[in-house]
Amino acid sequence: MKRHGLLLPCVALAAAIGLTATGCSASGGAGSSPAGGPATPKTAAAAVDYDPQPYADIKDGGTYTTAGTFDDQGNPFDADATLTAARVWFWYNADAITYSPTGAVQYNPDYYSHVAVKVTGGNQVVTLTINPKAVFNDGTPIDWKAIEATWKANNGSDSKFNASSTDGYDHITSVTAGVNAKQAVITFKGADASWPALFSTFLNPKAANVTDFNTAYLKKANAQWGTGPYTVGSWDTHSGDITFVRNPKWWGKRGKLDKRIFVNLESTAAVNAFRNGQVDYATTGDAEGLKQISGVKGTTIRRGGSPFEYALYLNTKSPELSELPVRKAIMEAIDRPQIARIEFQGLDYAEPLPGSGLLYSFQKGYEDNVAKVITHSARDAGKTLDADGWKPGADGVRVKNGKKLEVGYTLIGDDPLDKATAEAFVAMLKPIGVKVTIRTVDESDFAKVISTHDFDLFLSGNRSLDPFGQRYLCEQYCSTSPSNITGAGTAALDKQIKAVSQIADLTRQIAAANKVEQQELKQYAFLPLYSGPSIYGVKNGLANVGATIFGTPLPETIGWQK
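What counts and what doesn't
- Residues numbered from 1 in each chain as written.
- Predicted model: local features only at pLDDT ≥ 70, side-chain atom pairs only at ≥ 80, totals over all residues.
- Heavy atoms only, no water.
- pLDDT = per-residue confidence, 0-100.
- Contact = heavy atoms within 4.5 Å.
- 1 Å grid on protein atoms, 1.4 Å probe; cavity = no way out; pocket = protein on both sides within 12 Å on 5 of 7 lines; lining within 4 Å.
- Points joined across faces, edges and corners; volume = space filled by probe spheres on them.
- Helix = DSSP H or I, 4+ residues; strand = E, 2+ residues; numbered from the N terminus.
- Nonpolar A, V, L, I, M, F, W, Y, C, P; charged D, E, K, R; others polar.
- Buried < 20%, exposed > 50% of the residue type's maximum accessible area, 1.4 Å probe, protein only.
- Pairing = 2+ DSSP bridges.
- Disulfide = S-S within 2.5 Å.
- Axes fitted to C-alpha atoms, helices over the stretch in contact; angles between N-to-C directions.
- Salt bridge = Lys/Arg side-chain N within 4 Å of Asp/Glu carboxyl O.

**Structural notes on the confidence of the model for the protein**
Low pLDDT marks stretches whose predicted atomic positions should not be read closely. For the protein, the mean per-residue pLDDT works out to 90, and 93% of the residues sit at or above 70. Counted against residues more than four places away or in other chains, residues 1–36, with its pLDDT under 50, gives 199 contacts.

Okay, structure coming up:
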C-alpha cells in the first residue's frame, strides 16, 4: 500500500482510513523554527489520543457516521487514488497488517495465521500462512494467488497497470504456493526490511487484470471482491454517501457496529453537521475550526501528533517553471516560518520545520535535508533570477525574452485559512518579481488537478500509512513515477534511487535515502512546509477513533464504549 501519493487537499482535513486526520489547512533560515506560540520542540509531536479500548469493552450495535468528499478512483493501489480511496477500502477489504501508534508491525491472524521471515544465500524469503477460513465475498479463496496477483499488478512488469508504486514489489523474484494453496512463499532479490508495507492488504485475483485494476473502482465499490467484518450496504452514486454493514460471510470477530456511514460533505458543512449531531466527529487544523467544534454538548476534543506532511509542489512541466533557477528562486523566497505561523495561529502548537518528505522528525534516522539545500533569502532569490536573465520590469514583474514571470497558484475550496496561506505566497514572491495569480477550484476537483497536473504551484499533503518512509523514495522522486506530480527528476538520480532500494540493512538504507533526497531537493520542485496537530471533536463514548499516528485499530474494534 502506498504511503506518498495518497494526496489530500489542504482544506479537506480528511480522516485517514476513517481514523486519523490533521489540519492543513518575515524571514528565517530553512532550519529555523516558527515564531510565536509555545516554545518549539526538537521534534514534531508523537502523542496519541484516540480512547483505545479492547474489543470486549465495545457495545454491540450502533452507527458511526463521518463526513468526507469522495474522489473518482477507489483502488488505493492506483496512482490516481487519493487518501479517500484508502480510508474507504479499509472498511470492506482486507486489513492483514496494521501498525501500532509507534509503527510496530501487527499481523492480523484472521488473514495471516503465521508469518516467517528468513534470509537464505543473501535473499529474503517471507512465508505467509493464510487463515484456512479466509475467503473473498465472491467465494474466491484468499490464498497464495491473491498475494501473487497483488505482486504482479504492482511490480512494474506490465506498464499498462496504473500502479502507484513499484517500490519493493520490483525486488520480488517469485510468489509461489508453499505446503498448500493457503501458504504464499515470497522470494526477494536481496532483503527488504520493510516488506510488510507491500501486503498489508491485497487484491482479489479477479480484480487484478489491467482493465479492472485501472477502471473497475471508478466511482464505485466492488463488494464482491472485498472481504472483512463489513461490506457495502449501499453506495449512492448521486449523493456519494456510503453505508457499510456487517458482512455475513466474515469468519472473524463480528463487527461491533450495525452501520458505518460516510456522508459526502465538504469541510465547512462537516463542521456544521457535527455541531448539529448529524456526524460523530469533525476534524480541524485551525483556531476558528477548533472554536467551532469545541464545547459541543456530549463531545470531547482529542488531540495528538500527525502522520501528515503538507508541501508546496512546483510543476516542472509548466512553461513558467521549467527553468530550474526560477524554481530555486521561488523556494528561496518562501518564508516557511511565516506559513507555519499562519497555519498554527491560535492552536497553542509548535513544531520544527519539516526537513524531509520521507521521515518525520520523531522517527529514527530522520535528517533535516531541506536545511542542507535551501536557505530562505529574498536577496539570494533576486540574484538567482538576475543570473538566469530575468530582469525587473516597469511594473515590478520580471521579464525575459519579452515574457513576464507569472505563475498560478491553485487553491482548493474557499476555506479562509487556505486563502490566507495562498495570499502569503503571493506576497512573498512579489518582491522578487514573480507575479502569482490565485485560481480557486472546488474541493471535488482535487483529484482531477492532481491526475492532470493542472497547476503551477499547489499545496497538498501526504498521509503516511506505514512507518517505512524511506521505501517510498522512488514513488516520491523518480522522474518516471506517476505519483511524482512535480515531474522533476533525472535518469541519473533515478539510478541512485534504485541503488538505495537494493540496500538490505534498514539503518544504512535510511542514511542513503537521506543523501539522495538532498540531491532530489536540488531539483527545487518540492518544499515541505508543515505537519500540524491532529485535532478532533468526537462524541463521547466513541472508542478507538482519533489521533493514532501510525496506529490503525481494526474496523471490528471501532464503536461505542460500554
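We are not done yet, so read on.
**So, the layout of surface pockets**
Here the largest pocket defines a volume of roughly 420 Å³. Lining the largest pocket are 19 residues, with D286, E288, G289, D415 and P416 positioned closest to its centre. Only helix 4 (267–275), strand 12 (281–284), helix 5 (287–293), helix 7 (336–344) and helix 9 (416–429) provide two or more residues apiece to the lining of the largest pocket. Here the residues of the lining of the largest pocket sort into six nonpolar, eight polar and five charged.

**With respect to the pairing of strand 12**
Residues Y281 and T283 line one face of strand 12 and the alternating positions A282 and T284 line the opposite face, and both faces are buried. The sheet contact formed by strand 12 and strand 22 (residues 534–539) spans four bridges and is antiparallel. Counterpart to T283 in the pairing with strand 22 is Y536.

**Observations regarding unusual backbone geometry**
Glycine aside, a negative phi is what most residues show, and trans is what most peptide bonds show. Although it is not a glycine, D348 sits at a positive phi angle of roughly 55°. Checked against the element boundaries, D348 lands in the loop between helix 7 and helix 8 (378–387). With a relative accessible area of 64%, D348 lands in the exposed category. Of note, Y524 is a non-glycine position whose phi angle comes to about 55°, a positive value. Turning to its location among the elements, Y524 is positioned in the loop between helix 13 (506–521) and strand 21 (526–530). With relative accessibility at 8%, the residue Y524 sits in the buried group.

**A short note on the state of the cysteines**
Within the structure shown, the criterion is met by one disulfide. Disulfide pairing is shown between C474 and C478; the S-S distance is 2.2 Å. Its S-S torsion of approximately -115° makes the covalent link between C474 and C478 left-handed. Of the two residues, C474 and C478, both sit in the buried class.

**Some words on the sheet that holds strand 10 (residues 242–246)**
Spatially, 2-11-10-9 is the arrangement adopted by the four strands of the open sheet, whose pairing is mixed. Whereas interior strands pair on both sides, the edge strands pair on one side only; in this sheet they are strand 2 (63–68) and strand 9 (230–235). The average angle at which neighbouring strand axes cross in this sheet is 20°, direction not considered. With five bridges connecting them, strand 9 and strand 10 associate as antiparallel partners. Looking at the pairing, Y230 lines up with R246 of strand 10.

**A look at the pattern of salt bridges**
By the definition in use, this model includes 16 salt bridges. For E332, the salt bridge identified is with K328, shortest N-O distance 2.6 Å. Of this pair, E332 and K328 both sit in helix 6 (residues 324–333), separated by four residues, roughly a single helical turn. Taking relative accessible area as the criterion, E332 reaches 8% and is therefore assigned buried. With a relative accessible area of 24%, K328 lands in the partly exposed category. D388 is paired through a salt bridge with K400; the nearest N and O atoms lie 3.6 Å apart. With a gap of 12 residues between them, D388 in the loop between helix 8 and strand 15 (391–392) and K400 in strand 16 (residues 398–400) connect regions that are remote in the sequence. With respect to burial, D388 and K400 carry one shared label: buried. Because the salt bridges share partners, they merge into one network encompassing E323, D388 and K400.

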